[in-house]
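Geometric and topological summary
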2 protein chains.
Amino acid sequence: MNQFFIEPSAVAEGKITITGEDVNHIVNVLRMRKGESLSLVESVSGLTYFADIESMDQDGVVCVIQDVQSESRELPVKVTIYQGMPKSDKLEFVIQKSVEMGAARIVPVAMKRSVVKLDQSKTAKKCARWNSIAESAASQSKRGVIPEVTEPMSLKEAIKDAESCDAILLPYELAEGIDETRKILTEIRDSGTDSIAVFIGPEGGFDESEVKEITDAGGRIITLGNRILRTETAPIAILAWLTYLFEK
Amino acid sequence: MNQFFIEPSAVAEGKITITGEDVNHIVNVLRMRKGESLSLVESVSGLTYFADIESMDQDGVVCVIQDVQSESRELPVKVTIYQGMPKSDKLEFVIQKSVEMGAARIVPVAMKRSVVKLDQSKTAKKCARWNSIAESAASQSKRGVIPEVTEPMSLKEAIKDAESCDAILLPYELAEGIDETRKILTEIRDSGTDSIAVFIGPEGGFDESEVKEITDAGGRIITLGNRILRTETAPIAILAWLTYLFEK
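Per chain, residues are indexed from 1 in the order of the written sequence. Labels follow written order: the first chain is A, the first ligand is 1, and so on. Under the rules for a predicted model, residues below a pLDDT of 70 receive no local features and side-chain atom pairs below 80 are neither given nor counted, while totals for whole chains, interfaces and linings still include all residues. To get the side-chain values, take all heavy atoms of the structure and skip hydrogens and water.

Quick look at the relation of the copies chain B and chain A
Cut-off, in case you're wondering: Here the copies were fitted onto each other by least squares, based on C-alpha atoms from residues at pLDDT of at least 70 in both. By the convention used here, residues are in contact when the closest approach between their heavy atoms is within 4.5 Å.
Aligned on chain A, chain B shows an RMSD of 0.1 Å; the corresponding rotation is 180° and the shift along the axis is 0.0 Å. The symmetry that links the two subunits is that of a two-fold axis. Interface overlap between copies: 100% of the residues of chain B at the interface are likewise at the interface in chain A, consistent with a symmetric, same-surface contact.

Observations concerning helix H6 (residues 208–216) of chain B
Residue and element names in this part refer to chain B. The test is simple: Here's how the labels work: a residue is buried when its accessible area is under 20% of the maximum for its type, exposed when over 50%, partly exposed in between, all with a 1.4 Å probe on protein chains only. A helix here means a DSSP run of H or I that spans at least four residues, while a strand means a run of E at least two residues long, and both kinds are numbered starting from the N terminus. By arc we mean the arc of the directions from the helix axis to the C-beta atoms, nothing more.
Of the residues making up H6, those classed as buried are Glu-210, Val-211 and Ile-214. All buried residues of H6 project into a common sector of 100° when viewed along the axis, lining one side. The exposed residues of H6 that point more than 90 degrees off its buried face are Glu-208, Lys-212 and Asp-216. Directly after H6, the chain includes Gly-218, whose backbone phi takes a positive value near 105°.

A closer look at the packing of helix H7 (residues 234–246) of chain A against helix H7 (residues 234–246) of chain B
Heads up, the condition is: Angles run from 0 to 180 degrees between N-to-C directions of axes, and those axes are lines fitted to C-alpha atoms, restricted for helices to the stretch in contact. Here is the rule for angles: anything less than 35 degrees is roughly parallel, anything more than 145 is roughly antiparallel, 65 through 115 is roughly perpendicular, and the remaining ranges are oblique. Two helices crossing with the near one rotated counterclockwise from the far one by less than a right angle form a left-handed crossing, whereas a clockwise rotation gives a right-handed crossing. Only Asp, Glu, Lys and Arg are considered charged, only Ala, Val, Leu, Ile, Met, Phe, Trp, Tyr, Cys and Pro nonpolar, and every remaining residue, Gly among them, polar.
In the contact formed by H7 of chain A and H7 of chain B, the axes pass within 9 Å of each other and the chain directions differ by 65°. With respect to H7 of chain B, the element H7 of chain A is oriented roughly perpendicular. Relative to H7 of chain B, H7 of chain A is oriented so that their crossing is right-handed. Note on element contacts: H7 of chain B touches H7 of chain A through Ile-236, Ala-237, Ala-240, Trp-241, Thr-243, Tyr-244 and Leu-245 of chain B, opposite Ile-236, Ala-237, Ala-240, Trp-241, Thr-243, Tyr-244 and Leu-245 of chain A. A breakdown of the residues in the contact of H7 of chain A with H7 of chain B according to their chemical character gives 12 nonpolar, 2 polar and no charged.

Looking at the pattern of salt bridges
Heads up, the condition is: Every case where a carboxyl oxygen of Asp or Glu lies within 4 Å of a side-chain nitrogen of Lys or Arg is listed as a salt bridge.
Throughout the structure, instances matching the rule amount to 34 salt bridges over all chains. For Arg-220 of chain B, the salt bridge goes to Glu-187 of chain B, with nearest N and O atoms at 3.2 Å. With Arg-220 of chain B in strand S13 (residues 220–222) and Glu-187 of chain B in helix H5 (residues 178–190), this pair connects stretches of sequence that are 33 residues apart. Judged by relative accessible area, Glu-187 of chain B falls into the partly exposed class, the value being 40%. Within this structure, Lys-90, Arg-230 and Glu-232 of chain A together with Lys-97 and Glu-100 of chain B form a network of salt bridges that share partners.

Section: the interface of chain B and chain A
So the rule is basically this: Whenever a nitrogen or oxygen atom comes within 3.5 Å of another N or O atom, the pair is scored as a polar contact, on the condition that within protein one atom can donate a hydrogen and the other can accept it, and that pairs from neighbouring residues in sequence are kept only if both atoms are in side chains.
Each partner contributes to the interface: chain B provides 37 residues, whereas chain A provides 37 residues. Summed over the shared surface of chain B and chain A, the result is 6 salt bridges. In this structure, Glu-232 of chain A engages Lys-97 of chain B in a salt bridge whose closest nitrogen and oxygen atoms are separated by 3.3 Å. Our count for the contact surface shared by chain B and chain A stands at 27 residue pairs in polar contact (both at pLDDT 80 or more). Of all elements in the fold, only helix H2 (88–100), H5 and H7 of chain B reach the threshold of two or more residues within the side of chain B that touches chain A. Residue contributions to the side of chain B that touches chain A peak at 8 residues, all from H7 of chain B.

Let's talk about the domain arrangement of chain A
All names here are of chain A. Applicable threshold: Domains are outlined according to an automatic or database domain assignment. Buried area is calculated as the accessible area (1.4 Å probe) missing from two parts once they are joined, with the contributions of both summed.
Entries for chain A in the domain assignment read domain 1 (3–69) and domain 2 (78–246). On a C-alpha basis, the centroid separation for the pair domain 1 and domain 2 is 33 Å. Domain 1 puts 6 residues into the contact, and the matching count from domain 2 is 8 residues. Here domain 1 and domain 2 share an interface that buries about 530 Å² over both sides, 58% of which is from carbon and sulfur atoms. Where domain 1 touches domain 2, the interface holds 0 salt bridges. Elements with a minimum of two residues in the side of domain 1 that touches domain 2: strand S1 (3–6) and strand S4 (37–42). Across the side of domain 1 that touches domain 2, the residue classes break down as 2 nonpolar, 3 polar and 1 charged.

Here's the deal with the packing of aromatic side chains
How we decide: Put simply, two rings from Phe, Tyr or Trp (the six-membered ring, in Trp's case) pair if the centres are within 6.5 Å, and we call them stacked under 30 degrees between planes, edge-to-face over 60, tilted for the rest.
Tallied over the entire structure, the rule returns 8 aromatic pairs over all chains. Residues Tyr-82 of chain A and Phe-199 of chain A carry aromatic rings whose centres are separated by 4.7 Å and whose planes lie at 15° to one another, so their mutual orientation is stacked. Of the two residues, Tyr-82 of chain A sits in strand S7 (residues 78–84) while Phe-199 of chain A sits in strand S12 (residues 195–200), which places them 117 residues apart along the sequence. Within the aromatic cluster, the residues linked to one another by ring pairs are Trp-241 and Tyr-244 of chain A together with Trp-241 and Tyr-244 of chain B.

Below, the structure written as structure tokens:
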């Protein structure tokens, strides 16, 4: 069934009115007809509505709600990936895969060893592109929420941002070994944590001074195993681990 | 330090003789000189030798062993990924990432819903390319062993091949929920398993008859969480879980 995201305001009195770009897609691309069914995800609550098309024109598609599914596909812990800015295609990959694996939010971070320096004048355009990648990945993996990709932050800004999370993790090659990592992660889970910040180094890794800044802010160093992972693989691995530990 | 793979026969009496294509790379591309150090991984044992160049010409580079590191970067369980044939670029991605995440072996499997039908006459050439992707991924993640990518198998052949493993896993959307999956995985770990086969469906998923064939052969159905993963993301996720569970 085709799935679209809707705003909370689209839902009223047992009906849902789809407006904007999706109308053209439903009417002219998919050529859907009255009576056909759609799956409509309300992007704030994550509720999924199953609804049949009642009427349609170029301005809007009105659907009648048949069923609501409240079963959430969301990870029970909100994970923000603070990704040390890698090359452009890798960042897009990180966004796509992190969304697929359940991340709540992605923050590109300018780090000392980041090769790409972002041109300030292009930031808004890039950021719009990143968010559209997040939206289509969310839709493809049938998630009920579209994770936000923020504009790039400096490390200082990112750390300040991360301090609102219950825990901060830092996968780093000089970690103490996997037993200690397992201890840290289960401790975080068992303490009822509901938000986690994860800092990922760029291609060249963290600068030591950056590791210090993050640990000074409460970041805990962990290992992701005995093999060296690329910067774009590390967020997938940690999201998989957090899924294993937190999913219900 | 530059790393190369060597055969066991290259090691003799405290010295290592590098031959073949790597010689040109060391002499003419890297322009290394006498006295410089290399990291040489013996591809069967996984031992890493640190050695200094003693002499070199176009036929070979002779190095004197300075140190041997036996610390293994290998996952303590041998995981074979039986990947339902996806589109060509996705298979290359699966090979690269599975090697990075610690897979021991990758077997492309022709499944009912595989879109790509492999042209028999091109198999050998493709397979050589896949193995070279595996080699460079192994080198980049500093692994001591180069995982083999086999020629594509039919599902029947793949199941027969997988029966030599201690356990067979099957991530499938109709699994019973993550608690049951966690039970299955910890049970497998605690029973001293040292080899696991994982079957991954292609883009269109498994056909029901294929699921039956694999479970009839002892395959156990698991979930990878509440979100729908793409075929090329699933092997990374399960390898991450097995790393979390088995790594020492």
